[in-house]
Amino acid sequence: LFGVLQGMKMGVDHAIAACASLGRSLKIAGCGPEANKLAALGRDLGANVEFLGFLSDQDLASYYSRARALLFPGIEDFGMVPVEAMAAGCPVIALGKGGILDSMTASTGVLYCEETVEGLKNAIADFESRFFDSMEIRKRATAFSKPTFVNGFNAILDLAMF
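Reading the values: the criteria
Residues numbered from 1 in each chain as written. Predicted model: local features only at pLDDT ≥ 70, side-chain atom pairs only at ≥ 80, totals over all residues. Heavy atoms only, no water. Core = buried A, V, L, I, M, F, W, Y, C linked by side-chain atoms within 4.5 Å. Buried < 20%, exposed > 50% of the residue type's maximum accessible area, 1.4 Å probe, protein only. Helix = DSSP H or I, 4+ residues; strand = E, 2+ residues; numbered from the N terminus. Contact = heavy atoms within 4.5 Å. Salt bridge = Lys/Arg side-chain N within 4 Å of Asp/Glu carboxyl O. Axes fitted to C-alpha atoms, helices over the stretch in contact; angles between N-to-C directions. Parallel < 35°, antiparallel > 145°, perpendicular 65-115°, else oblique. Left-handed = near helix turned anticlockwise from the far one by under 90°. Arc of directions from axis to C-beta. Polar contact = N/O pair within 3.5 Å; in protein donor to acceptor, adjacent residues only side chain to side chain. Patch = residues over 30% accessible without salt bridge, like charges linked within 9 Å, V, L, I, M, F, W, Y side chains within 5 Å. Areas by Shrake-Rupley, 256 points an atom, 1.4 Å probe, with all protein chains shown as cover.

Turning to the nonpolar core, a few remarks are in order. Leu26, Tyr64, Leu70, Leu71, Val92, Ile93 and Leu120 are the most contacted members of the largest nonpolar core, which totals 40 residues. Per element, the largest residue contribution to this core is 5 residues, and it comes from helix H1 (residues 12–22). Not counting residues up to four positions away in its chain, the partners in contact with Leu120 are His14, Ala15, Ala18, Leu71, Pro73, Ile93, Tyr112 and Glu114.

Here is the structure:
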């Protein structure tokens, strides 16, 4: 079971094609203007893809906790979605560009550089050959938690004010 955020600007088509080619199921959470086009692509490729639509935070966390991995084939400035998945212990397979480079490590998932269906398929194969510790993944996500941010911000303020 792989989860993908449908609202991404790019890459969801790659996730559908890669999963179809590998015979993997894919659940896509979120809504976006490309939903009909992506659903048609899934049908054309015979993909085992389910479009979940909008999910509450609680439901999304539940999907993350049950997913084998979050597929994140797009580029974001920071990428809050992968951090949310990691907080649930879900490893991430992501395009290695943009903000994801700040949040992911080798222990939280697999990064790939080739922005193609083949690149993603290779990353999925790499992922499936490895073991990921959900507790270690959760621990990494705490580096981006609100308390960690507030404590760091307060430390900077203390230094600046004294």
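That was the structure; now back to the text.
For the rest of this paragraph, the subject is the pattern of salt bridges. Across all of its chains, the model carries 7 salt bridges by this definition. Where Glu34 meets Lys37, a salt bridge forms, and the shortest distance between an N and an O atom there is 3.6 Å. Exposure remark for Glu34: the relative accessible area of 39% places this residue in the partly exposed category. Lys37 gets classed as exposed once you look at its relative accessible area, which sits at 60%. In this structure, the salt-bridge partner of Lys121 is Glu118, at a minimum N-O distance of 3.1 Å. In this pair, Lys121 and Glu118 both sit in helix H6 (residues 117–128), 3 residues apart, roughly one turn of the helix. Where salt bridges share partners, they join Arg24, Arg68 and Glu128 into one cluster.

Residue Glu118 is classed as partly exposed on the basis of its relative accessible area, which comes to 42%. Sequence separation between Glu118 and Ala18 is 100 residues, and the spatial gap between their C-alpha atoms is 7.2 Å.

Once that is clear, we can look at the packing of H1 against H6. The geometry of H1 relative to H6 is characterised by a closest axis approach of 9 Å and an angle of 55° between their N-to-C directions. Considering the angle they form, H1 stands oblique to H6. In the packing of H1 onto H6, the handedness of the crossing is right-handed. Along its contact with H1, which presents His14, Ala15, Ala17, Ala18, Ser21 and Leu22, the element H6 presents Val117, Leu120, Lys121 and Ile124.

What follows deals with helix H2 (residues 35–45). Turning to H2, its buried residues number three or more, namely Leu38, Ala39 and Gly42. Burial along H2 is one-sided: seen end-on, the buried residues are contained in an arc of 100°. Summarising the geometry of H2, the exposed residues directed more than 90 degrees from the buried face are Asn36, Lys37, Arg43 and Asp44. Against H1 and strand E3 (49–53) lie the buried residues of H2. Of the residues flanking the end of H2, it is Gly46, one or two places downstream, whose phi is positive at about 65°.

Before going further, it helps to spend a moment on the side chain of Lys121. Judged by its relative accessible area of 16%, Lys121 is buried. For Lys121, the side chain forms a polar contact with the side chain of Glu118, separated by 3.1 Å. Leave out the neighbours within four places in its chain, and Lys121 touches Ala18, Ser21 and Leu22.

Turning to helix H4 (residues 80–87), a few remarks are in order. Taken together, the buried positions of H4 are Val81, Pro82, Val83, Ala85 and Met86. Of the residues one or two after H4, Gly89 is the one with positive phi, at around 85°.

Now for a nonpolar patch on the surface. A cluster of nonpolar side chains, Phe149, Val150, Phe153, Leu157, Met161 and Phe162, forms an exposed patch at the surface whose accessible area comes to about 710 Å². Within the element layout of this structure, Phe149 appears in helix H8 (residues 146–161).

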